[in-house]
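A closer look at the structure
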Amino acid sequence: MSVEIRIRGAIKRYADSADPVINGLDLTVKPGEFFTLLGPSGCGKTTLLRMIAGFNTIEGGDFYFNDQRINDLDPSKRNIGMVFQNYAIFPNMTVRKNVAFGLKNRKLPKEEIASRCDEFLKLMQIEQLADRMPEKLSGGQQQRVALARALCIRPDVLLMDEPLSNLDAKLRVEMRSIIKEIQHKVGITCIYVTHDQEEAMAISDRIAVMKGGVIQHIGTPKNIYQRPSNSFVASFIGRSNMLRGKLKMTGGEPHLLVEGLDVVVGHVKKEMRKDQDVLVSVRPEDLLMGGETAMKGIIDDGVFLGLDTHYFMHLPDGQEVISIGVSSIENTIPKGEQVSLSVNVSKINIFTSDGSANILEGVRNDNVTE
């Protein structure tokens, strides 16, 4: 059974720290949702996951699985499956015995244990490894065993803490597809912790971007990427050029001024339509070389990456930017050359000068309640 997870006013404080690691956090995860906590090291994502699991104490707030308050519920009574970064597979047990471990602890009949083991070994496509010892398994195979063991008990909630960080790049891509497919088949509510934004984008129904124990933005990968709530989210999700500029009201229309560029931006929030300094986020793929424009860039370096070439350059005022161009080995632009730059204005984001808020319409942040 999939459950809704509700967290209201969560507080986590360690004895050796005066300031809370998490202070007043609210979060709702929908039944059957694949929800990711994303952020840099030390942002509180694993701490929050461990509070949900019951491995960390809760100093304040309320945690619910559906209508059941779980704050004081023993971890063994929460019916959760957990997959750790280091897999936590028992080295002295075969694959089958590892998968059966939780079922034996629940004292289920032998026939049911065998049946469920077979079911999840087959689901994870490791039935041929059932009698193998962990030392004979690859990293990806060990991860499948850990996932089968977590799901075999039929938990209400699946919690995953950086489960792919120990795998090589190619295997990470393969395993994230498998995890998403299995989660969809089983229909279980899943909370996934990672610091890898590409991984989060590829696997999640929704993402919560965290910084300093505070949720900055909750939304679908597309919403967060296209209209981030602040400059931190814009920089953490994908790459972004952050340019200093000005918003100036001319003839009743908001004009964006950036290093010679002067364009009308019609979708500025009404309350933000005033003369002010702003911070402009332009994704590298939306800073285009060529065209008639007043913006100029001086090439500092070019990195050939097969499909694309990433050009590192600076503007006349010294601001550094990255642009992505279609690769051509013969036509790589040399260092020191000046190029014209145009901006895909429909895809830029404009923030207050301190970067704390997006001043454009269309930001969908599930963490904000009107």
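Quick summary incoming for the structure in this document. (Residues numbered from 1 in each chain as written. Predicted model: local features only at pLDDT ≥ 70, side-chain atom pairs only at ≥ 80, totals over all residues. Heavy atoms only, no water.)

Running from amino to carboxyl end, helix H3 (residues 110-123) crosses helix H4 (residues 139-152) at an angle of 135°, the nearest separation of the two axes being 9 Å. Accordingly, the angle class assigned to the pair H3 and H4 is oblique. As for the relative orientation of H3 and H4, their crossing is right-handed in sense. Contact with H3, carried on its side by Arg-116, Cys-117 and Phe-120, involves Ala-148, Leu-151 and Cys-152 of H4 and no other residues of that element. Looking at the contact of H3 with H4 residue by residue, the classes come out as 5 nonpolar, no polar and 1 charged. (Axes fitted to C-alpha atoms, helices over the stretch in contact; angles between N-to-C directions. Helix = DSSP H or I, 4+ residues; strand = E, 2+ residues; numbered from the N terminus. Parallel < 35°, antiparallel > 145°, perpendicular 65-115°, else oblique. Left-handed = near helix turned anticlockwise from the far one by under 90°. Contact = heavy atoms within 4.5 Å. Nonpolar A, V, L, I, M, F, W, Y, C, P; charged D, E, K, R; others polar.)

The subject of this paragraph is the pairing of strand S3 (residues 34-38). On a regular strand, each side chain points to the face opposite its neighbour's, so the side chains alternate between the two faces of the sheet. In terms of burial, S3 is a largely internal element, 5 of the 5 residues being buried. Here S3 shows two buried faces, one formed by Phe-34, Thr-36 and Leu-38 and the other by Phe-35 and Leu-37. Sheet analysis places S3 next to strand S8 (residues 189-194), joined by 5 bridges and oriented parallel. Bridging from a neighbouring strand, Leu-37 pairs with Val-193 of S8. Pairing of S3 with strand S9 (residues 206-211) involves 4 bridges; the strand directions are parallel. Across the sheet, residue Thr-36 finds its bridge partner in S9, namely Ile-207. (Buried < 20%, exposed > 50% of the residue type's maximum accessible area, 1.4 Å probe, protein only. Pairing = 2+ DSSP bridges.)

The next point concerns the sheet that holds strand S19 (residues 338-343). With antiparallel pairing, the 5 strands of this open sheet are ordered in space as S15-S19-S16-S17-S18. Only two strands of the sheet have a single partner each, and these edge strands are strand S15 (287-289) and strand S18 (320-326). With strand direction ignored, the average angle separating the axes of adjacent strands in the sheet is 50°. Relative to S19, S15 is paired through 3 bridges, and the arrangement is antiparallel. Its bridge partner lying in S19, Leu-288 is registered against Ser-342.

With that settled, consider the sheet that holds strand S13 (residues 261-264). Within the open sheet, the 5 strands sit side by side as S13-S12-S11-S14-S20. Their pairing is antiparallel. The sheet is open, and its two borders are formed by S13 and strand S20 (349-352), each paired with just one other strand. The mean angle between the axes of side-by-side strands here comes to 35°, regardless of whether they run parallel or antiparallel. Both strand S11 (residues 241-250) and strand S12 (residues 253-258) contribute to a ladder of 5 bridges, which runs antiparallel. Paired with Met-249 across the two strands is Pro-254, which belongs to S12.

Counting residues in each nonpolar core, the largest one holds 38 residues, and the members touching the most others are Val-95, Val-99, Ile-126, Leu-147, Leu-158, Met-160 and Ile-179. At the level of elements, helix H2 (95-105), H3, H4, strand S7 (157-161), helix H5 (169-186) and S8 are the ones that each hand at least two residues to this core. A total of 7 residues in this core trace back to one element, the largest contributor, which is H4. With 29 residues, the next largest nonpolar core counts Ile-5, Phe-35, Ala-53 and Val-157 among its residues. (Core = buried A, V, L, I, M, F, W, Y, C linked by side-chain atoms within 4.5 Å.)

Turning our eyes to something else, we now look at the side chain of Asn-79. Mapping Asn-79 onto the fold places it in the loop between strand S5 (68-69) and strand S6 (80-83). There is a polar contact of 3.1 Å between the side chain of Asn-79 and the side chain of Arg-106. Here Asn-79 is in contact with Arg-106, Ile-153, Arg-154, Pro-155, Asp-156 and Val-157, once residues within four sequence places are set aside. (Polar contact = N/O pair within 3.5 Å; in protein donor to acceptor, adjacent residues only side chain to side chain.)

Attention shifts here to the environment of Ala-100. Among the secondary structure elements, Ala-100 is positioned in helix H2. When the C-alpha atoms of Ala-100 and Gly-355 are compared, they prove to be 50 Å apart, with 255 residues separating the residues in sequence. Dropping the residues within four chain positions of it, Ala-100 is found in contact with Ile-113 and Cys-117.

One side chain can pair with another of opposite charge once the charged atoms of both are near each other. In total, this model carries 16 salt bridges according to the counting rule given. Between Arg-96 and Asp-118 there is a salt bridge, with its nearest N and O atoms 3.0 Å apart. Remark: Asp-118 occurs in helix H3 and Arg-96 occurs in helix H2; sequence separation between them is 22 residues. Take Arg-96: its relative accessible area is 30%, and that puts it in the partly exposed class. Note that Asp-277 is salt-bridged to Lys-246, the shortest N-O span being 2.7 Å. One end of the pair, Asp-277, is in strand S14 (residues 276-282); the other, Lys-246, is in strand S11, with 31 residues separating them in the sequence. Classification of Asp-277 as partly exposed rests on a relative accessible area of 42%. Exposure remark for Lys-246: the relative accessible area of 45% places this residue in the partly exposed category. Taken together, the shared-partner salt bridges connect Glu-4, Arg-6 and Asp-67 into one network. (Salt bridge = Lys/Arg side-chain N within 4 Å of Asp/Glu carboxyl O.)

Geometric descriptors of this kind do not, in isolation, establish any biological role.
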